[in-house]
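Architecture and fold: a report
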Amino acid sequence: MDGPVRAIRNSIAVMNTKGGVGKSTLVLALAETLSAHFRKNVLIIDSDSQASISSMLLTAASLHRLQSEGLTIVDLLVSSVLNNVPVEWPRFVVGGVSDVDEARTVYLIPSDMQLTLFEREVSKEELHARLRSSISTLLGNVRGVFDVIFIDCPPGLSILTESWLREADYHFSPTKPDYISTCGLEVFRRFKGLNPEMGFAENLGVCINMKEGHSSVDADYHRWLTSNPENRCFTQTIPRSSALQHAAQLSSVERSYVAKYPGDSGTAIKAIAEELLARLAAANGSAPASGTPPLAPAAAATS
Ligand SMILES: Nc1ncnc2c1ncn2[C@@H]1O[C@H](COP(=O)(O)OP(=O)(O)OP(=O)(O)O)[C@@H](O)[C@H]1O
Ligand SMILES: [Mg+2]
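Worth saying up front: this structure is predicted, and the values here are computed from it rather than measured.

**Overview of the site of ligand 1**
- Close to ligand 1 lie 19 residues; Gly19, Gly22, Ser24, Thr25 and Gln245 are nearest.
- The element that contributes the greatest number of residues to the shell around ligand 1 is helix α1 (residues 23–38), accounting for three residues.
- Looking at the shell around ligand 1 residue by residue, the class counts come to seven nonpolar, nine polar and three charged.

This is the structure we're talking about:
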């Protein structure tokens, strides 16, 4: 007899209340690695008004075109939350992003600066419940279509970020091995504990980024973070490297995975990607589905 169909849990809000810890860089590197090496269909939702991850994946001209044509997360949310109109979400998904030639299955819902104005309207009109339900509907739709969904959140705890954190299946927190970045994790933990009845994503883990190989201070922070089981620290850490620093700059010509993530950087990102898939698989009771082509996205990047 067949058991009940279990919902897929594959949406991950990438979050640290501290800025500049490498959230967007890790979303980019993980998405490209999961696509190139693990054959996963990956959707990135850019929830940062600075549109950092959108600019890492699209040329300025492509991003500008999508913003002018009303095809960003802002337009999707304005329709569903402010105008209360159901949205055809595939219209907002851009395929063919990424400059890594082996990473052909990375998809993006880009962002726009207008996101801050949208959030202001939501607060003014007290539309928090409708925002949360729109986020829930969107995640419900994309969960079955993509293997892994990353939501790239800005630092801080805006009402939009809170909605992702309450509706996504998991949160994943990059941190630098320093005092302020780890305080960012602590603030986040306290926030999570404030209204448990409202629901919250489960911790998929903390990942230490920008670790200096020879720094004893960094090694101490690593040990200290690992010693708290609540952090669920990833075994692998990500080194500070010029390759990862430059990964944010979209290349005008496609390059190979090893050209973008050479040596230790590529090895570390692949190990994190593997660990992340293993954690998702353990939580879902099997390996997350893969290889099924997602819905044909309406928009194709011209990056
Ligand atoms: N492992 C790394 N080695 C070297 N530089 C890195 C590494 N990871 C990220 N960086 C650099 O650190 C800076 C911050 O990274 P990123 O923008 O990804 O952080 P963020 O947490 O998304 O920031 P924000 O909070 O503004 O969204 C960028 O200049 C990026 O290139
Ligand atoms: Mg960022």
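**Concerning α1**
- Compared with an ideal rise of 1.5 Å per residue, which puts 16 residues at 22 Å, α1 spans 21 Å between its outermost C-alpha atoms and is within 8% of the ideal.
- Of all 16 residues in α1, 14 are buried; the element is thus mostly enclosed.
- Of the residues one or two after α1, Arg39 is the one with positive phi, at around 55°.

**Some words on the packing of helix α4 (residues 73–82) against helix α6 (residues 128–143)**
- With their axes 9 Å apart at the nearest point, α4 and α6 run at an angle of 125° to one another. By the angle between their directions, the pair α4 and α6 is classed as oblique. Handedness of the α4/α6 crossing: right-handed. Counted together, Leu77, Ser80 and Val81 of α4 and Arg130, Leu131 and Ser134 of α6 form the full contact between these two elements.
- Of the residues contributing to the contact of α4 with α6, the split by class is three nonpolar, two polar and one charged.

**A short note on the packing of α4 against helix α5 (residues 115–124)**
- α5 packs onto α4 with a crossing angle of 15° between their chain directions and a minimal axis gap of 10 Å. If you check the angle between α4 and α5, you find them roughly parallel. The hand of the α4/α5 crossing is left-handed. Contacts between α4 and α5 pair Ile73, Val74, Leu77, Val78, Val81 and Leu82 from the former with Leu115, Phe118, Glu121 and Val122 from the latter.
- Its residues assigned to classes, the contact of α4 with α5 comprises nine nonpolar, no polar and one charged.

**Considering α4**
- Counting buried residues along α4, eight of its ten residues qualify, which places the element largely inside the surrounding structure.
- The complete set of buried residues in α4 reads Ile73, Val74, Asp75, Leu76, Leu77, Val78, Ser80 and Val81.
- In this structure, the buried side of α4 is in contact with β2 (42–46), β4 (106–109), α5 and α6.
- Note on α4: the residue one or two positions beyond its end, Asn84, has a positive phi of about 55°.

Analysis parameters
Residues numbered from 1 in each chain as written. Chains lettered and ligands numbered in written order. Predicted model: local features only at pLDDT ≥ 70, side-chain atom pairs only at ≥ 80, totals over all residues. Near = placed C-beta within 6 Å. Helix = DSSP H or I, 4+ residues; strand = E, 2+ residues; numbered from the N terminus. Nonpolar A, V, L, I, M, F, W, Y, C, P; charged D, E, K, R; others polar. Expected span 1.5 Å × (residues − 1). Buried ≥ 20, exposed ≤ 12 C-beta atoms within 10 Å, placed from the backbone. Axes fitted to C-alpha atoms, helices over the stretch in contact; angles between N-to-C directions. Parallel < 35°, antiparallel > 145°, perpendicular 65-115°, else oblique. Left-handed = near helix turned anticlockwise from the far one by under 90°. Contact = placed C-beta atoms within 7 Å.

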